[in-house]
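Residue-level listing of the chains:
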Amino acid sequence: MPLTANPPPVDPKATAPTATGPGVLPPLAADPLLIDGVALDSRFFLGTAGYPSPATLCEAIRASGSQLLTAGLKRTLQAGDNGALAQALAAGREQGARLLPNTAGCRSAREAVQLAHMARELYGTAWIKLEVIGDDHTLQPDPFELVAAATELVREGFVVFPYCTEDLILGRRLLDAGCPLLMPWGAPIGSGQGLLNLHGLRTLRERLPDTVLVIDAGLGAPSQAARAMELGFDAVLLNSAVAQAGDPVAMAGAFGDAVRAGRRAFHAGLMAPQAFAVASTPVSGHAFLLGDA
């Protein structure tokens, strides 16, 4: 029997705001992220590997508010911790969380396609995070194997979430293959270095304005997640920055807050940076006194 991973789709109409206007901040549910006809109220996606204990993972999921949880099928099978994953899914289900199995550890399109089929059979979901690694040192995706695997999986009915770089041409090839979104890295997986190539990420956002873009991997601090959202990215996915924190539960909550703050800042409109000082309270043309009165 497959482990049922995903709850029914959320009706976006049911999350409409009740108040709008200047100075009124709409609830987070008023800004759903739509993927494959599913509305996700949370734009913070959370990995499930490397936590100190299953109980800590469950509490971190609750604190994060995440509605999309990733799990490496290879790790799950090798460690035999399907029970821990079931606990995590139960903890997430109360906030509408879905499972996104991933093909972490695959080095070829053929291997990734086989693992995706196994994930669909085990967890009853066609959603798959596609990882095909081309370099053992940087864990950078192999663009050729990635496109080949994505093309095959889309043809076989999968909804493919491709882990990729910020390369614009690669992104277009993956979209042409039928991927509904892109998941470019911020930095190498688990490095905590943040957004290393701001120019490339900005270019990707500007050139693909209607594409769902999710920063995946390399973030280490909530401020980096907020920065990604301020740039206009649609969501953030991470694992190590929470799992390896001194207090994973508190860090999960901090990242959730940062993602929401960054999203609201993007909608509010950031001020344009200036190359010179601009006084917030101009004094030219006004009389003022120098020295003692």
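Residues numbered from 1 in each chain as written. Predicted model: local features only at pLDDT ≥ 70, side-chain atom pairs only at ≥ 80, totals over all residues. Heavy atoms only, no water.

Asks: Would you mind showing me how to read the overall build of the protein chain here?
Replies: From N to C terminus, the protein chain includes ten helices and ten strands. The buried share among the 293 residues of the protein chain stands at 46%. (Helix = DSSP H or I, 4+ residues; strand = E, 2+ residues; numbered from the N terminus. Buried < 20%, exposed > 50% of the residue type's maximum accessible area, 1.4 Å probe, protein only.)

Asks: Would you mind showing me how to read the nonpolar core here?
Replies: Counting residues in hydrophobic clusters, the biggest one holds 57 residues, and the most contacted among them are Leu-130, Val-236, Leu-238 and Val-242. With seven residues, the top contributor of residues to this core is helix 4 (residues 109-123). Excluding its chain neighbours within four sequence positions, the residues that come into contact with Leu-130 are Thr-103, Ala-112, Leu-146, Ala-149, Ala-150, Leu-153, Val-160, Phe-161, Pro-162 and Tyr-163. In terms of nonpolar packing, the next biggest core, distinct from the first, is built from 16 residues, Phe-45, Leu-100, Val-159 and Val-212 among them. (Core = buried A, V, L, I, M, F, W, Y, C linked by side-chain atoms within 4.5 Å. Contact = heavy atoms within 4.5 Å.)

Asks: Is there a simple way to explain the packing of aromatic side chains in this structure?
Replies: To describe a pair of aromatic rings, you give the distance between the ring centres and the angle between the ring planes. Taken as a whole and assessed by the stated rule, the structure comprises two aromatic pairs. The aromatic ring of Trp-127 is capped on one face by Arg-98, whose charged end is 4.3 Å from the ring centroid. Stacked on the ring of Tyr-163, the Lys or Arg Lys-129 has its end atom at 5.6 Å from the ring centre. (Phe/Tyr/Trp six-rings, centres within 6.5 Å; stacked < 30°, edge-to-face > 60°. Lys NZ or Arg CZ within 6 Å of the ring centre and 35° of its normal.)

Asks: For this particular structure, what's the right way to read the confidence of the model for the protein chain?
Replies: Caution is warranted with low-pLDDT regions, since their predicted coordinates should not be read in detail. With 84% of its residues at a pLDDT of 70 or more, the protein chain has an overall mean of 88. pLDDT under 50 marks residues 9-23. Its contacts with residues more than four places away, or in other chains, come to 14 contacts. (pLDDT = per-residue confidence, 0-100.)

Asks: I would appreciate a short explanation of the environment of Ile-61 in the present structure.
Replies: Of note, Ile-61 is situated in helix 1 (residues 54-64). Residue class for Ile-61 comes out buried when judged on its relative accessible area of 0%. A sequence separation of 27 residues divides Ile-61 from Ala-88, and the C-alpha atoms of the two residues are 7.4 Å apart. For Ile-61, the residues in contact, after removing those within four places along its chain, are Leu-46, Ser-66, Leu-69, Ala-88, Ala-91, Gly-92 and Gln-95.

Asks: Looking at this model, I keep getting lost on the environment of Pro-222. Mind explaining?
Replies: In this structure, Pro-222 sits in helix 8 (residues 222-230). Each C-alpha atom, one on Pro-222 and one on Gly-256, is 8.2 Å from the other, the two residues being 34 residues apart in sequence. Look past the residues within four positions of Pro-222 in its chain and what remains in contact with it is Met-251, Ala-254, Phe-255 and Ala-258.

Asks: Whenever I open this one, a nonpolar patch on the surface confuses me. Can you help?
Replies: Taken together, the side chains of Leu-77, Met-118 and Leu-122 define a hydrophobic patch exposed on the protein surface, amounting to about 240 Å² of accessible area. With respect to the helices and strands, Leu-77 occurs in helix 2 (residues 73-79). (Patch = residues over 30% accessible without salt bridge, like charges linked within 9 Å, V, L, I, M, F, W, Y side chains within 5 Å. Areas by Shrake-Rupley, 256 points an atom, 1.4 Å probe, with all protein chains shown as cover. Salt bridge = Lys/Arg side-chain N within 4 Å of Asp/Glu carboxyl O.)

Asks: Where do I start with the packing of helix 8 against helix 10 (residues 248-268) in this structure?
Replies: Look at helix 8 against helix 10: their axes get within 7 Å of each other, and the N-to-C directions meet at 25°. It follows that helix 8 is roughly parallel to helix 10 by the angle criterion. When the axes of helix 8 and helix 10 are compared, the crossing they make is right-handed. Of helix 10, the residues touching helix 8 (which contributes Pro-222, Ala-225, Ala-226, Met-229 and Glu-230) are Met-251, Ala-254, Phe-255, Ala-258, Val-259, Gly-262, Arg-263, Ala-265 and Phe-266. (Axes fitted to C-alpha atoms, helices over the stretch in contact; angles between N-to-C directions. Parallel < 35°, antiparallel > 145°, perpendicular 65-115°, else oblique. Left-handed = near helix turned anticlockwise from the far one by under 90°.)

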